[in-house]
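# Report on the structure
So the chains spell out like this:
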Amino acid sequence: ILDPQQNTVLNVDLETKEGKISVGGDKIKGSTLVAGTDNNFYVLSKEKIQAIAKDGKILGEQETKDLGEVKDIFGFSGSAYLLGKEQVYKFSGGSVLTQSNYLSQPAADLADSVALAIDGSVWVLTKDGDILKYTRGVKDYFAIQGLDKPLSEPIALFTSKDCENLYVLDRKNTRVAVFNKKGEYLASYFWSGIAGATNLAVLEDLKKIFLLTGSRIYEIDLR
C-alpha cells in the first residue's frame, strides 16, 4: 500500500494481518501508484518507475515521462504492467528496466479505462462498467451477462492466477460485484463503507474480500 503523504510503502500480510514499512523517504517521493509481485514491488511516479526489493533495496528504474497518463498498475510474474490510454506497458528486468508494449497494437477502448488485473490474460475495467479482456496482446471476447443492476462508478478490479472469479469495486452501488471468467454475474456483496473504498484484493482460499478505505483495511467474508 502506497502512502503518498508519508512517502512510504506498507507491505501487509493479509493472512496474519501484520504490516511493515518496506521503503520510505525521498527515494519514492512523488510516487502515485504501487504494485507488488512475489519477490519485489514497483513504485511509479510521473517521471520514473522503480523496482524495489521487499527489504527496501532499489533494484532498477526507468523513465516513464513519455508514457502520458497511467490509470493503474498491476504486478504479475515479476513484471509491472501499466494501464495507459491506448496501450498496456510492461516493465521487467534488472538494474535497467526494459519497457515493452503488451498490446500488439494501440487500443482506443482503453481511453475510458480505470483499472486492470492480470491472471495470464489482462483484464481492464472501464468507467462505464465494461470489462475488456486481452490475451497474448490481442483483444479476446468477453461480455458481462445477467447483471441485476448496472455498475455505477466502478473504480477497481481484481483477479489473479489463483482466483476463479473477477471482482469489481462498484462504489456508487456500495457493493463488490462478482463475475466468473465467462462473464456470468454470480453475486454482490453490499456494505455502506464501500462508498469510501479505493481498492480491493481477494484471497479465495481464505474466503475473504479486503477493502482499502483511507488508512484501514476491512474484510468481507465470501459466501
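Please refer to the structure higher up on the page.
Below, the structure is looked at part by part. Throughout this document, residue positions are counted from 1 along each chain, in the order its sequence is written. At least 70 in pLDDT is required for a residue's local features to be given in this predicted model, at least 80 for side-chain atom pairs to be given and counted, and no such filter applies to totals for whole chains, interfaces and linings, which use all residues. Only heavy atoms go into the side-chain values, all of them from the structure, while hydrogens and water stay out.

Phi is mostly negative for residues that are not glycine, and the peptide bonds are mostly trans. The phi dihedral of T174 falls on the positive side, at around 45°, and the residue is not glycine. Put simply, DSSP H or I for four residues or longer makes a helix, DSSP E for two residues or longer makes a strand, and each gets a number counted from the N terminus. The residue T174 is located in the loop between β17 (165-170) and β18 (175-180) in this model. The backbone of K207 sits at a positive phi, close to 60°, despite the residue not being glycine. With respect to the helices, strands and loops of the structure, K207 is situated in the loop between β20 (199-203) and β21 (208-213).

This brings us to a negative patch on the surface. Like-charged residues within 9 Å of one another, or nonpolar side chains (Val, Leu, Ile, Met, Phe, Trp, Tyr) within 5 Å, are grouped into patches, provided each residue has over 30% relative accessible area and no salt bridge. In this description, accessible areas are obtained by the Shrake-Rupley approach with a 1.4 Å probe, and a residue is regarded as covered only by the protein chains that are shown. What counts as a salt bridge is simple: a side-chain nitrogen of Lys or Arg found within 4 Å of a carboxyl oxygen of Asp or Glu. Charge assignment: positive for Lys and Arg, negative for Asp and Glu; neither His nor the chain ends contribute. For the purpose of locating charges, the reference atoms are NZ of Lys, CZ of Arg, CG of Asp and CD of Glu. On the surface, D13, E15, E18 and D205 cluster together into a negatively charged patch. Positionally, D13 belongs in strand β2 (residues 8-13).

Let us look at the pairing of strand β9 (residues 79-83). Only protein chains enter the calculation, and the probe is 1.4 Å; a residue is then buried if its accessible area is under 20% of its type maximum, exposed if over 50%, and partly exposed in between. Burial runs high along β9: 5 of the 5 residues are buried. Here β9 shows a buried face lined by S79, Y81 and L83 and a second buried face lined by A80 and L82. Of the strand pairs in this sheet, strand β8 (residues 72-76) and β9 are connected by 5 bridges, and their pairing is antiparallel. Within β9, the position partnered with I73 by the bridge is L82. Pairing between two strands is assigned when DSSP locates at least 2 bridges connecting them. Here β8 hands over to β9 after 2 residues, with S77 in that stretch at a positive phi of 50°. Sheet topology note: the β9/strand β10 (residues 88-93) ladder contains 4 bridges and is antiparallel. Considered in β10, the bridge of L82 is made with Y89. Where β9 folds back onto β10 in an antiparallel hairpin, the turn is made up of 4 residues.

Another aspect to go through is the side chain of T159. Along the chain, T159 falls in the loop between β16 (154-158) and β17. Assessed through its relative accessible area of 0%, T159 is described here as buried. Of note is the side chain of T159, whose polar atom sits 2.8 Å from the backbone oxygen of N165. Under the rule applied, a polar contact is a pair of N or O atoms within 3.5 Å (in protein, one hydrogen donor and one hydrogen acceptor; residues adjacent in sequence only if both atoms are side-chain atoms). A distance of 3.2 Å separates polar atoms of two side chains, one belonging to T159 and the other to K181. With sequence-adjacent residues up to four places away left out, T159 is seen in contact with F74, A117, I118, D119, W123, N165, L166 and K181. Here, two residues are considered to be in contact whenever any of their heavy atoms come within 4.5 Å of each other.

Now for the sheet that holds strand β12 (residues 113-118). If you trace the 4 strands from one edge of the open sheet to the other, you get β12-β13-β14-β15, paired in antiparallel fashion. The sheet is open, and its two borders are formed by β12 and β15 (138-140), each paired with just one other strand. Averaged over all pairs of adjacent strands, the angle between their axes in this sheet comes to 30°, without regard to strand direction. Strand direction decides the pairing type here: β12 and strand β13 (residues 122-126), joined by 5 bridges, are antiparallel. Every axis in this analysis is a line fitted to C-alpha atoms, fitted for helices over the stretch in contact. Angles between the N-to-C directions lie between 0 and 180 degrees.

Strand pairing in a sheet takes place through backbone hydrogen bonds and is either antiparallel or parallel in direction. Sheet architecture is open: 4 strands sit in the order β16-β17-β18-β19, paired in antiparallel fashion. The open sheet has two edge strands with one neighbour each: β16 and β19 (185-190). Direction aside, neighbouring strands of the sheet carry axes that sit 20° apart on average. Summarising the sheet, β17 and β18 pair through 6 bridges and their orientation is antiparallel. The residue of β18 that forms the bridge with D170 is R175.

Okay, the packing of aromatic side chains next. In this description, a pair of aromatic rings is defined by centroid distance and the angle of the planes. The criterion for an aromatic pair is that two Phe, Tyr or Trp rings (for Trp, the six-membered ring) have centres within 6.5 Å, with stacked assigned to planes under 30 degrees apart, edge-to-face to planes over 60 apart and tilted to the rest. Following the criterion strictly, the structure yields 5 aromatic pairs and no others. With 6.5 Å between their ring centres and 55° between their planes, F74 and F158 make a pair best called tilted. Residue F74 is located in strand β8, and its partner F158 is located in strand β16; the two are separated by 84 residues in the primary sequence. The two residues F74 and F158 agree in class, both being buried. We call a charge positioned above a ring when the Lys NZ or Arg CZ atom is no farther than 6 Å from the ring centre and deviates by at most 35 degrees from the ring normal. Above the ring of Y189, the side-chain terminus of R223 is found at 4.3 Å from the ring centroid.

Remember, this is a structural readout, not a statement about activity or role.
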